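What follows is the residue order along each chain.
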Amino acid sequence: MLAQASPWYVHALQRTSAGPAEPLSVPARMEWLTRRDRGPGAEILNLGPHRKRVLELGCGPGHNAAHLATRHAARVTGVDLVGLQVRRARSHYGRLRNLDFVAGHVLHYLQATDEQFDAIYSVFGAVGLVAPQVLLPAIAQHLKPGRTFAFSVPHPQRHGRPPSIDDRPRRDFVTLPDRSRLPIVRWDFDCSRWETHLDRAGLWLSSAQEFHDARQGRWPTTLLITARKL
Ligand SMILES: C[S@@+](CC[C@H](N)C(=O)[O-])C[C@H]1O[C@@H](n2cnc3c(N)ncnc32)[C@H](O)[C@@H]1O
């Protein structure tokens, strides 16, 4: 019920009804930004050469999870709120080893698992869409010490908006494939507010980068943050 009331369900429904999801070849790069082939790749997760356990929060169609499982010998789980997205991800990449997709809310997944991960990440996924005061401690609890948590979010000053002045979420929109928009709320923090919340959860902010997309004017479009578990 929760998932079907969500704009993300409508988003997935429109995407899916546009055509059947086919098996896809594995992307050559990990993408953190709205434009492909720009910015850093998987190296910011610091996975190293040995097999690692990795969790994606809000994996959508699973492109990045497939890349990490295939090109970085990681064992990856992608979690997404919407069962239709998970079905789509499985149609694209279900044939791959060391990769699985789970339908559910990321908080429920984190609360139910007793696994410890070598990296946890989100690419315009659940981070920012779930109260950070609850989500960040749950992430920290399941990340091994010294390991990386990384996420990209829409930049809080996109389109020239002023940054949030408090810890409350703001109104935002999901743009659907048919270009219509549905309202959501987003915790739209700037870098220093993220740092404060990461710190409270026992995560140390190690880098924050902002990115522009020339197609979208002079304002930054994406904030990419990495943090380390203390
Ligand atoms: C903008 S899409 C990004 C998908 C993917 N990371 C990518 O880069 O293509 C956001 C995804 O987050 C999922 N999502 C939103 N809130 C979530 C939550 N609380 N738990 C799990 N997934 C969530 C949505 O269903 C949607 O598939």
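The shown structure was predicted, so the numbers you read here are calculated from the model rather than taken from an experiment.

Q: Go over the pairing of strand β5 (residues 143-154) with me, naming the residues and quoting the values.
A: A regular strand carries its side chains on alternate faces of the sheet. In terms of residue burial, β5 counts as a mostly covered element, since nine of its twelve residues are buried. Inspection of the sheet shows strand β4 (residues 117-123) paired to β5 by six bridges, in the parallel sense. Within β5, the position partnered with Y121 by the bridge is A150. For the crossover from β4 across helix α5 (residues 132-141) to β5, the handedness is right-handed.

Q: Please set out the sheet that holds β4 residue by residue, giving values where relevant.
A: The strand order β3-β2-β1-β4-β5-β9-β8 describes an open sheet built from seven strands, whose pairing is mixed. In this open sheet, the two edge strands, each paired with only one partner strand, are β3 (99-103) and β8 (203-211). The sheet shows a mean angle of 15° between the axes of neighbouring strands, taken without regard to direction. α5 rests against β1 (52-57), β4, β5, β8 and β9 (222-229) of the sheet, and its axis sits at about 145° to β5.

Q: Go over unusual backbone geometry, please, and point to the residues and values.
A: A positive phi is found at N46, a non-glycine position, where the angle reads about 50°. For N46, the location among the structural elements is in the loop between α1 (7-17) and β1. On the basis of relative accessibility, which here comes to 46%, the residue N46 falls in the partly exposed class. We note that R179 has phi near 80°; this positive angle belongs to a residue other than glycine. For R179, the position within the fold is in the loop between β6 (170-175) and β7 (181-186).

How each quantity is defined
Residues numbered from 1 in each chain as written. Predicted model: local features only at pLDDT ≥ 70, side-chain atom pairs only at ≥ 80, totals over all residues. Heavy atoms only, no water. Buried < 20%, exposed > 50% of the residue type's maximum accessible area, 1.4 Å probe, protein only. Helix = DSSP H or I, 4+ residues; strand = E, 2+ residues; numbered from the N terminus. Pairing = 2+ DSSP bridges. Right-handed = clockwise from strand over helix to strand, strands pointing away. Axes fitted to C-alpha atoms, helices over the stretch in contact; angles between N-to-C directions. Contact = heavy atoms within 4.5 Å.

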